[in-house]
Amino acid sequence: MSSVLYDAQGPRAKRRNILYTVLFVLCAAAVVWWVYDGLASKHQLDWIKWKPFFTSSQPWETYIWPGLQNTLKAAFFALIIALPLGALFGIGRLSDHRWVRMPAGFIVELFRAVPVLILMITANAVYAEYTTIDTDVRPLYAVVTGLVLYNFSVLAEIVRAGIETLPKGQAEAAKALGMRKSQIMMSVLLPQAVTAMLPAIVSQLVVIVKDTALGGAMMTFPELLASIRPMSANYGANTIACFTIVALIFLVLNFALTSFASWLERWLRRSKKSKGTAPGGAPETIGEPALVIDDGRAV
């Protein structure tokens, strides 16, 4: 039986695919055994190295929880600063005025091209040279600054792309009603683009959370990943166990963020659909697209 995507496999192709599957499973099993044997031979899988995480609250209270708090703190401040800046510069790149559009585009492309680690190190050096910020909080300032400078430029592109995906009829209908450009952007285009931009924005939030680890690796910022070194030294060089626990925490945290974003996107789409708009944000009409304004009424 054939499909529009592929032809049905013959007997020889089926046997060949079964052989490839068996070889892949054997190779994967060999790699897993090699990793397991290497860890076991170095006593990294001994219960004594994993026991503190399951029988005592001390590693969680002393190392993991403070590090997680610093990670979330840096990510939170970076997000609440980068998001409005990204929206501002994204809208600026769509301006009809060249003196607004060109500088906004230059700044966005500049910070988007520079690695975030260089931005963090530069910010730390600037704060050390030209400010009186205390050395205890300077790494936090530097990490947040680097994350803001990089991620606002990425978010600006997300905002610009989200707005440009909307039907041109939305802006044209608003102009026909006599709305100003600022009103069209804030009341018509931007609210509709939020649903389309939401998955990308949350994906960037996941990047922000993970990039906080760069501050711990290079600038002694006491975030979650940086807690591994003192924790491993205190519990008998259980580096593999510490890395595994921290990796699982990052996994759970980022999975929770993406799950929340998926739920929020579905809720926004259902909300818009219940108000008479299509899932993509466009009105459910035949012919020319209508204008959708804040309270959900179509004009």
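Conventions we followed
- Residues numbered from 1 in each chain as written.
- Predicted model: local features only at pLDDT ≥ 70, side-chain atom pairs only at ≥ 80, totals over all residues.
- Heavy atoms only, no water.
- Helix = DSSP H or I, 4+ residues; strand = E, 2+ residues; numbered from the N terminus.
- Buried < 20%, exposed > 50% of the residue type's maximum accessible area, 1.4 Å probe, protein only.
- Contact = heavy atoms within 4.5 Å.
- Areas by Shrake-Rupley, 256 points an atom, 1.4 Å probe, with all protein chains shown as cover.
- Expected span 1.5 Å × (residues − 1).
- Bend = angle between axes of the 7 residues up to and from the residue.
- Phe/Tyr/Trp six-rings, centres within 6.5 Å; stacked < 30°, edge-to-face > 60°.
- Polar contact = N/O pair within 3.5 Å; in protein donor to acceptor, adjacent residues only side chain to side chain.
- Salt bridge = Lys/Arg side-chain N within 4 Å of Asp/Glu carboxyl O.
- pLDDT = per-residue confidence, 0-100.
- Core = buried A, V, L, I, M, F, W, Y, C linked by side-chain atoms within 4.5 Å.

*Asks:* Kindly report on the overall build of the protein, identifying the contributing residues and their values.
*Replies:* Scanning the protein from terminus to terminus reveals ten helices and zero strands. Listing the helices and strands of the protein from first to last along the sequence gives α-α-α-α-α-α-α-α-α-α. Counting all 299 residues of the protein, 35% fall into the buried class. Pairs at least 24 apart in sequence give 69% of the contacts found in the protein among residues at least 6 apart. Surface summary for the protein: the accessible area is close to 18,000 Å², and the carbon and sulfur share equals 67%.

*Asks:* Which residues make up helix H3 (residues 58–92), and what values go with them?
*Replies:* Look at H3: 50 Å from first C-alpha to last across 35 residues, which is about the 51 Å you get at 1.5 Å a residue. The sharpest bend along H3 comes to roughly 40 degrees, located at isoleucine 64, with the proline proline 66 sitting one to four residues further on.

*Asks:* Explain the packing of aromatic side chains to me, and be specific about the residues and the numbers.
*Replies:* A full pass over the atoms with the stated rule returns nine aromatic pairs. When the ring of tyrosine 63 is compared with that of tyrosine 235, the centres are 6.4 Å apart and the planes differ by 80 degrees; the resulting orientation is edge-to-face. You can see tyrosine 63 sitting in helix H3 and its partner tyrosine 235 sitting in the loop between helix H9 (228–234) and helix H10 (239–274), a full 172 residues away along the chain. Tyrosine 235 matches tyrosine 63 in its accessibility class, with the two residues each being buried. Plain terms: the ring middles of tyrosine 127 and tyrosine 141 are 6.2 Å apart, the flat faces sit at 80 degrees to each other, and that makes the pair edge-to-face. Of this pair, tyrosine 127 sits in helix H5 (residues 116–130) while tyrosine 141 sits in helix H6 (residues 138–164), placing them 14 residues apart in sequence. Tyrosine 127 gets classed as buried once you look at its relative accessible area, which sits at 18%. Using a relative accessible area of 42% as the deciding quantity, one classes tyrosine 141 as partly exposed. Among the aromatic residues, those joined into a cluster by ring pairs are Phe89, Phe111 and Phe152.

*Asks:* Can you explain the side chain of serine 227? Please cite residues and give values.
*Replies:* Relative to the helices and strands, serine 227 is located in the loop between helix H8 (181–218) and H9. Reaching out from serine 227, the side chain makes a polar contact with the backbone oxygen of leucine 224 at a distance of 2.5 Å. Leave out the neighbours within four places in its chain, and serine 227 touches Tyr63 and Ile64.

*Asks:* Explain the pattern of salt bridges to me, using residue names and the numbers behind them.
*Replies:* Under the criterion given, the structure shown has five salt bridges. For glutamate 109, the salt bridge identified is with arginine 93, shortest N-O distance 3.1 Å. Of this pair, glutamate 109 sits in helix H4 (residues 98–113) while arginine 93 sits in the loop between H3 and H4, placing them 16 residues apart in sequence. Linking arginine 112 and glutamate 109 is a salt bridge whose minimum nitrogen-to-oxygen distance equals 3.0 Å. Of the two residues, arginine 112 and glutamate 109 are both situated in helix H4; the distance of three residues between them amounts to about one turn of the helix. A relative accessible area of 34% means that arginine 112 is categorised as partly exposed. Because the salt bridges share partners, they merge into one network encompassing Arg93, Glu109, Arg112, Glu157, Arg160 and Glu164.

*Asks:* I'd love a proper account of the confidence of the model for the protein, names of residues and values included.
*Replies:* Summarising the model, the protein shows a mean pLDDT of 83, and 89% of its residues fall at 70 or more. Within the protein, the element-level pLDDT minimum falls on helix H7 (residues 168–176), averaging 77, and the maximum on H5, averaging 93.

*Asks:* Residue-level account of the nonpolar core, with values.
*Replies:* Grouped together as the largest cluster of nonpolar side chains are 32 residues, with contacts concentrated most on Phe53, Ile64, Val143, Leu147, Leu224 and Met231. The next biggest cluster of nonpolar side chains, apart from the first, holds 22 residues, and it includes Phe89, Ala104, Ile158 and Ile184.

*Asks:* A description of the environment of serine 203 should follow, citing residues and the corresponding values.
*Replies:* Tracing the backbone shows serine 203 in helix H8. Once the C-alpha coordinates of serine 203 and asparagine 254 are considered, the two residues, 51 residues apart in sequence, prove to be 9.1 Å apart.

*Asks:* Break down unusual backbone geometry for me, citing the residues and quoting the values.
*Replies:* One non-glycine residue, histidine 43, adopts positive backbone phi at about 65 degrees. Within the secondary structure layout, histidine 43 lies in the loop between helix H1 (11–41) and helix H2 (47–55). Its relative accessible area of 46% is what places histidine 43 among the partly exposed residues.

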